[in-house]
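Geometric and topological summary
Listed below, chain by chain, are the residues.
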Amino acid sequence: MALSRLIIFWLWLLATGNIVFSQDNFLKKQKQPLIAISNVEFFNNTIYVGAMDKLLKFDLDLQITKKVDTCTGSCDSNYNKVLVISEKTQRVLHCGTGYGGMCEMRNLTDLSQSLLNTSQSTGIIAVKVSTDRKRPASAIFTSEMFYLAKSFGDNVQFNENENEKYCGILARDQIFDYQTVNPPCIYIELRQKTKLEDYVIYYKDTFIYGDNVYFLTNQKKYVGANDYVSKVVRLCMKDTSYQSHIDMELTCENDGMVYNLIQDSVILNVSGNSVLVAVFANGSDPENISGTGIICTLDMKTINKELQESLRGFETNCSYNNSNQYLNLVGNCLLTNQSSLNNFTCKANDIPIRYFAIGSGKVELHWNDSSFAHEGYFTSLHSSQYNQNDVVFAGTSNGFVVKYVMTKSGLHRYEQLLADEGNEVKDMIILNDDHFFVISESNVLKYQSTDCTEYKTCKDLMENKNPLCGWCVYENKSSRNDQSCKYSGHENHWIPSQGECVSIDADPKAYPSGVGLLRVTLTAKHLPERLSNDSTYKCKIDGKHYIASINDTQLTCNINNINEHTTKDMELIVELSNGTRIPLASTLFRFFRCSEYSVCSKCVETIRGTCRWCALQGHCESNSTNPPCLHSVPDTFQSCPRLQNNTSYLHTDVESTLEVEIENTIFNTTDLKNLKVRINSTNITNQTCRFLDGKVDCNITFKARSEAKTLENIVVQYQSVPNKWIFIDEKSEVFVYNCTTLSDNKCNYCHALNTDRFRCKWFNESKSCKHHSPSDNNRYECPCPNITKILPRDGFIGRGLLITVTGEEFGIHNEISKGNIHINGKKCLAHTVQYINADIPKSEDFSENVTNGFVCELTRWDGTETLFYRGDDCQSLPVGDDIIPVWKDGHITSMEPTSGPKAGGTMITLRGENLGVGNRIISSVVFDNGAKCEHPEVYPHIPTNVPTESVKPPFAIVCKTPEVPSTTSVKLLHISVPKNEPIDVVELKFTFLENPVIEMIYPEKGFLSGGTVLTVKGKYLNNANAGTVRLVYNSEVQVEQCVIDTNSSAQVLCRVPPASKGIIQELNAKASSSNKRKKRSAQCVECVTVTIIVKLDGVEHSFNISYFHDPSISKFDQGVLLYQSDQQYLEIKGENLNLVAAKHDINITIGIDVCNVVELEGDFMRCKAPSSQPQPGIPGATLPEVNVTIGNIHTTLGYIKYKPKFESILIIAGAAAGTALFLLVLA
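Please read these numbers as outputs of a predicted model, since none were measured by experiment.

Quick notes on the rules
- Residues numbered from 1 in each chain as written.
- Predicted model: local features only at pLDDT ≥ 70, side-chain atom pairs only at ≥ 80, totals over all residues.
- Heavy atoms only, no water.
- Helix = DSSP H or I, 4+ residues; strand = E, 2+ residues; numbered from the N terminus.
- Buried < 20%, exposed > 50% of the residue type's maximum accessible area, 1.4 Å probe, protein only.
- Contact = heavy atoms within 4.5 Å.
- Areas by Shrake-Rupley, 256 points an atom, 1.4 Å probe, with all protein chains shown as cover.
- Pairing = 2+ DSSP bridges.
- Axes fitted to C-alpha atoms, helices over the stretch in contact; angles between N-to-C directions.
- Phe/Tyr/Trp six-rings, centres within 6.5 Å; stacked < 30°, edge-to-face > 60°.
- Core = buried A, V, L, I, M, F, W, Y, C linked by side-chain atoms within 4.5 Å.
- Disulfide = S-S within 2.5 Å.
- Patch = residues over 30% accessible without salt bridge, like charges linked within 9 Å, V, L, I, M, F, W, Y side chains within 5 Å.
- Salt bridge = Lys/Arg side-chain N within 4 Å of Asp/Glu carboxyl O.
- Polar contact = N/O pair within 3.5 Å; in protein donor to acceptor, adjacent residues only side chain to side chain.

Side note on the overall build of the chain
- When its secondary structure is counted, the chain shows nine helices and 92 strands.
- Within the chain, the proportion of its 1227 residues that are buried is 49%.
- Partitioning the contacts of the chain with sequence separation of at least 6, the portion at a separation of at least 24 is 60%.
- Here the chain displays about 58500 Å² of accessible surface, and carbon together with sulfur accounts for 46% of that area.

Quick word on the sheet that holds strand 31 (residues 470-472)
- Strand order in the open sheet formed by three strands is 32-31-33, with antiparallel pairing between adjacent strands. Because the sheet does not close on itself, it has two edges, and the strands there are strand 32 (477-479) and strand 33 (494-496). Between one strand axis and the next, the sheet turns by 30° as a mean value, whatever way the strands run.

Regarding the sheet that holds strand 20 (residues 273-281)
- If you walk across this open sheet you meet the four strands as 19-20-21-23, and the pairing is antiparallel. Both edges of this open sheet fall to strand 19 (261-270) and strand 23 (366-370), since each of them pairs with a single strand only. Across the sheet, the axes of successive neighbouring strands diverge by a mean angle of 25°, strand direction being ignored.
- Of the strand pairs in this sheet, strand 20 and strand 21 (residues 293-299) are connected by seven bridges, and their pairing is antiparallel. By the bridge assignment, Leu276 is partnered in strand 21 with Leu298.

Considerations on the packing of aromatic side chains
- Tallied over the entire structure, the rule returns 22 aromatic pairs.
- Between the aromatic rings of Tyr749 and Phe846, the centroid separation amounts to 6.3 Å while the plane-to-plane angle is 85°, which identifies the pairing as edge-to-face. A residue pair is termed long-range when its members are at least 10 positions apart, and Tyr749 in helix 6 (residues 747-752) and Phe846 in the loop between strand 63 (834-837) and strand 64 (851-857) qualify at 97 residues.
- Taking relative accessible area as the criterion, Tyr749 reaches 13% and is therefore assigned buried.
- Each member of the aromatic cluster is reached from another via a ring pair, and the members are Phe26, Tyr386, Phe393, Phe436 and Tyr447.

Focus on the nonpolar core
- In this structure, Val438, Tyr537, Ile559 and Leu584 are the most contacted members of the largest nonpolar core, which totals 53 residues.
- For Ile559, the contacting residues outside a window of four places in its chain are Gly516, Leu517, Leu518, Val520, Ile541, Tyr546, Met570 and Phe591.
- Among the nonpolar cores identified, the runner-up in size contains 34 residues, and Trp613, Leu658, Val660 and Val736 belong to it.

Quick look at the state of the cysteines
- Evaluated as defined, the whole model comprises 18 disulfides.
- Between the sulfur atoms of Cys594 and its disulfide mate Cys611 the distance is 1.9 Å. Judged by the sign of its S-S torsion, about -75°, the bond between Cys594 and Cys611 is left-handed. You can see Cys594 sitting in the loop between strand 42 (581-592) and helix 4 (600-604) and its partner Cys611 sitting in strand 43 (residues 611-614), a full 17 residues away along the chain. The residues Cys594 and Cys611 share a single accessibility class, namely buried.
- A sulfur-sulfur separation of 2.0 Å characterises the disulfide bridge that pairs Cys603 with Cys620. For the disulfide bridge between Cys603 and Cys620, the dihedral angle about the S-S bond is near 75°, and by the sign convention the bridge is right-handed.

Let's talk about the environment of Ile922
- Relative to the assigned elements, Ile922 resides in the loop between strand 69 (907-913) and strand 70 (924-927).
- C-alpha of Ile922 to C-alpha of Pro982: the two residues are 60 residues apart in sequence and 9.9 Å apart in space.
- Residues within four places of Ile922 in sequence aside, it is in contact with Pro936, Glu937, Val938, Ile957, Ile975, Ser976, Val977 and Ile983.

Observations regarding a nonpolar patch on the surface
- On the surface, Val1120, Leu1122, Ile1178 and Tyr1199 cluster together into a nonpolar patch covering about 320 Å² of accessible area.
- Its location among the elements puts Tyr1199 in strand 92 (residues 1193-1203).
- On the accessibility criterion, Tyr1199 (32% relative accessible area) is partly exposed.

Here's the deal with the environment of Ser86
- The residue Ser86 is located in strand 6 (residues 80-86) in this model.
- Linking Ser86 and Met145, residues 59 residues apart in sequence, is a C-alpha distance of 9.8 Å.
- Within the local environment of Ser86, its side chain forms a polar contact with the side chain of Thr89, the two groups lying 2.8 Å apart.

So, the pairing of strand 21
- Taken across its seven residues, strand 21 has six buried, putting it largely inside the fold.
- With four bridges joining them, strand 21 and strand 23 adopt antiparallel strand pairing. Note that in strand 23 the partner of Ile295 across the bridge is Asp369.

Right, dumping it as C-alpha cells:
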C-alpha cells in the first residue's frame, strides 16, 4: 500500500509539472567508502574533503591523491567541523572533535605536514572548536584576517562568584602564531548557570560582502526564550575589537509558517546587485531537524540598510537587557545628538567605543520555493553560472539536489536530481557546463550535465528554463548550445531557455461559420530569420495548407471557411526548398454560430459586433438579424447582466434573507414587472425571490445538514417567457453553516466564533449552541471547566514540577484565572501559566482562541490535600481520584556498575524508590569532585500518563560517566530534578580505572550476514562494562554487542555486524564486474573493505574490515541423508566455508543434540555426530533435522536417518550368500 501511494505521488508530480527529473548522467563515485563527510573545499581543480578521522584530496576523476589520518594515538574519534583554505598562504585549516577540539594547519602541497603539534597545550586554547559533533563551527579567510565562529560543547565549571565565558567569534591574522595567548574574541558570558543550553549558538555560515564579514546563526532569541531564531551578525573586517558588531534576526515564511532555522547561504551578483540566497528549515531544536525547507532571497543593500538602522536605534536609545543577552556589554553608549553613525563605514579610522549592538526587529527575506516532503529540508547551497545565467544548486537532507536559475521574478526551480538517496547532501561543486560534483555525508559523486534532449517542445523548455539548454527552431529540438543547432548563425534560430518561443496572433481570432474564403492575418513574434527566398510560409488549418504572404512580421492567408460551430488549431509552417515542412507556432481559431451560445458572456465576447445578446428572450443572435431584439446587451462582457461575487453566511434549516446584487440590469422597464427570479439549487427547501432595485431579494431556507460549513455557489435565473429560465453570468458564494456542529456543541467554541459571519449563541437551558436572531442580546454563561486529565499523574514533593491540566470549557482568550490554581496542596506559579489553545485549523471562522487547558509550574507541597480550585465563579471543581496526582519522595539506594574507565562513557544505572514520578526529567547527577554524569535521564521512556507504580521493573536513572584526568574514586554527591530540587542519595562510590587499550582485532574480515566472532586484544579491557562494534556506511548503521569477561583483561569477544544494504550492493556490483574480466586484478574484487568502530564504554578505536559473500552450504539430496552410525563424523559440503569463519563460529545440531565441529576446510566441514539418532527438534517430525549456524547464517540442510551397524552387516552378508538373503533383509 505504501509503495502504491508513493507511485501515485510521483505520477501526480509528473502530471502537474511540479517536478522535472534530471537527465544528468552519473559518472562515478569515490572507490573507498567514507564515514561522516562534513566539509568540502574546492581549490586549484582539487577537492578537499573533511570526514570522520580523515582529510582527503581528490582529483577531478575522484582518485584519492592524498589521505591523512586526523585521529591517531590517544584520539578516539575526530569528526571534522571546519575545513577552510587560505589562498594567500596556500594552507588549509581543519578543526574537529578530536584532541579536545583543537585546530590544525597544513600545507596544501603536503597535507601530511602539520604546522601544529596537537600535543602542545600552551597558547592554543582559543584556536579550538566544540567537541560536540552537533554544534557546528564556521570559519573564513579574508585577504588579511582569519575568522572562526564556534559554540561551546563541553561541561562548563563555574567559580562560586564568577561567570564563565567562551570565545564565540575569534579573529586573527592569517599567519597566526599558535603560541599567542588569548587572541581578541567576542565572548559569550554564561550568566545563568541553569540555562547553559540557551547560550549555545549554532554558527551555520560565514561570508564576506564589501568591507564586512557576516555570520549566520541559529540561537535562542535571548537567554530564557523558548524558540530558536536565525540571526545575521555583521562586523567590520578590520575591527579586531569588535566595536562594529551588530546582529539582527533573519526570518522567512511561506503560507503563514515561519522557517526559523537558517542552514546555508550564497551570494549572487544579479545585474550588478548582490543578493543573499539562504535556505531555512523549521523546528524547535537545531540539532534535530525534520520536515521540509524553503529557499529565500534578499538583496544585500536592504539587509545592510536594516542593520544600520537597527544599529543606530540601539546605540542612541541605549536599550539592552544585560541579564538575558549573550554578549558582554561593555563600553559607552552613544547619545541621541551624536550623528557619527549617519556616515559610519568600516573605512573610518575611529570606530566609536560602545556596546555590542543587538538589533531590534527582523530582516524579512522573500520566499522563492519550498522543498517537497520526499526531498527533505534544504541543507546546503552552491552557486555558479551557466550561459551567463546565475544558477543555484540546493542539496537536501534526503539526498536530492534541486537546481534553480535566477530569473527576473526570482529563483526558478528547473530540475531535481536524486544523487544519494537517504544521505544528506553536504555540498556541491559545479566544475563547468559539462560536469558537477555532489558530496553527501557518505559519498563524492561526479555527474555529466544533461544534453537537453528531455525537452520535447519549445514551450516545455521555456517553462522549465534550464539554463544549459535552448530551442533549435528549424530542427524542432532542444540542444545544449547554439553550436549544435544547424542554423544557429541566423537570428532567432536558437532560442535560449530564458527567451520566448515563436508565437502568432490571429486577426480575426474567430469568424462566423459558413462557406467561401476568409482572410486571416497572423502577427508573429520572434520569427526566425528566413533562410532564403526559396522557403515558403504557410498556414495550416483543418489538415489543409495555405500559402502565406509576408510583410515584415505579418503573414496573410486566405483560408476556407468551415460550416460548423468549432475551434481549430491554426499553425504557421515554413516549407524549405527540399520540401521539409517545419512547424513554427500555432494559435486557436474559432468558427462559430451565434445561436449556439446560451449565456451573455459567451455571446458578446466571440467577436465584438458580430453577435448580440437578447436579454429578454435569453438567446444570442447575429447582429445582422432583422428586426433586432429588444433589450439587447452592448457587445462587451462588462455590459452583460452578472452577479456580484459577494459572500454570505446562512444557517441551515432557518429561513433567512439573502440579497444578491446584479450589475448591468436591464430589468427596469414596465414590460418586466412580472419577471420571475429564482436561485438554481437543489439544496433549498423553499424560496421566495423578487427583483428589486438591481438586487435579487430572497427569503430562503436551506435543507438541514450536519456538516459544520459547506459552500453553495449560487446561480440566479430569470424567466421572462413561459418555460424558459435564463442564466445570469457569474456566481455568488453562500456558506451554509450549522452552529451545533461548527462549535462542537461546546460553549467556549460557540462564543469564540466570528460574529461577523455566524449568528451562534450558547443557550444555557438546552446546553447547546444554536442560531439566534439579531435582537437576542441576552448574556450567556458557559459551564465550569470539566477536567478530564492531569499529567503527570504524580510528582516529587519539591517545587518545579510542570503540570498539564486539560479538559473542556476552559473559556476563551485566557479567561481562566492565573492567581488561584491549586492542585492537591501545590499552587501554580502565576507567571508560569501558559494556556493550551485548541488545535483549530487556521481560518477566519473563529475570532478568539479557545482554551482547552493550561500548563504551569507548581510550588512545593504545602501538606494539604486541596484538590483544585480557581478564584472566579467556579470555585471548586470535582476531580476524580483517578485523575488527581499524588506527591512522593524519591530515594537512590544503589548504583551499578561501580567502576569504569577514566575516559568515561560508562552507562551507570541508579535504582531506588519513586524515581519515575513527575516529569521524569533529571537535571544533573554530580560527583563530589565536581564532575557531572552526562545525559542523565529516567529509564524506561514511558509516557507520563502511565502511573509510576505500574511500570515493571521500576524506573531507574541512567547516565554516562564523564571523562576525568586520572584514576580516582568519587562519591555520588547530588542528584537533582528541575529547579535544583534534590533526590535523597545514600553513600555510593564510583571508581575511575585505567582506560582500556585496544590494540588489534582479528580476523579482519566477515561475511555479509555478520555474526562471526571478532576477537579484540589489548590491555585493561575488562575495566569497561559494555562494548559494541559499530558499522556506519552510507548513513546506515549496524551494531553488534561485545561480551566482556570480568576475568580477562586482555581479550573481549565481539561479533561482526551484518553488512548494510550499501555494502551488499557494492559487493554484488564488484562481483559482477570481476566476472567480466579476463585477467585477475591485484585488488580485492571479491570483498568490500570498510571501517568499523570498536567501543568499550567511552574508548573507541577504528579498524578496517573486509566483507565477503556468505559461504554456500550444500543441502541434502532429496532432503534426507542416510547416515551410517559407525562413521562417527558427519561431513557437510560447501564453498568458502573457512574464508571467514573458524570452528568456534559454527554450530551444528542434529535434532535436539549438538554435533561438534572437529574439522573445517574451504569446501567441507566435519562434526562428531551423536552415536545414536537424536530426537527431532521439530514437533511432529519423525526424523531429526540438521541445522548449521555460521554467525548470523542459519540453514537447515534436511533430515537425517541413522542406519544401524547390524543392518549394514546383514546387507553385506546377503551380497555374498545370494539374492534370497538380500531380499529377506530388505523385507
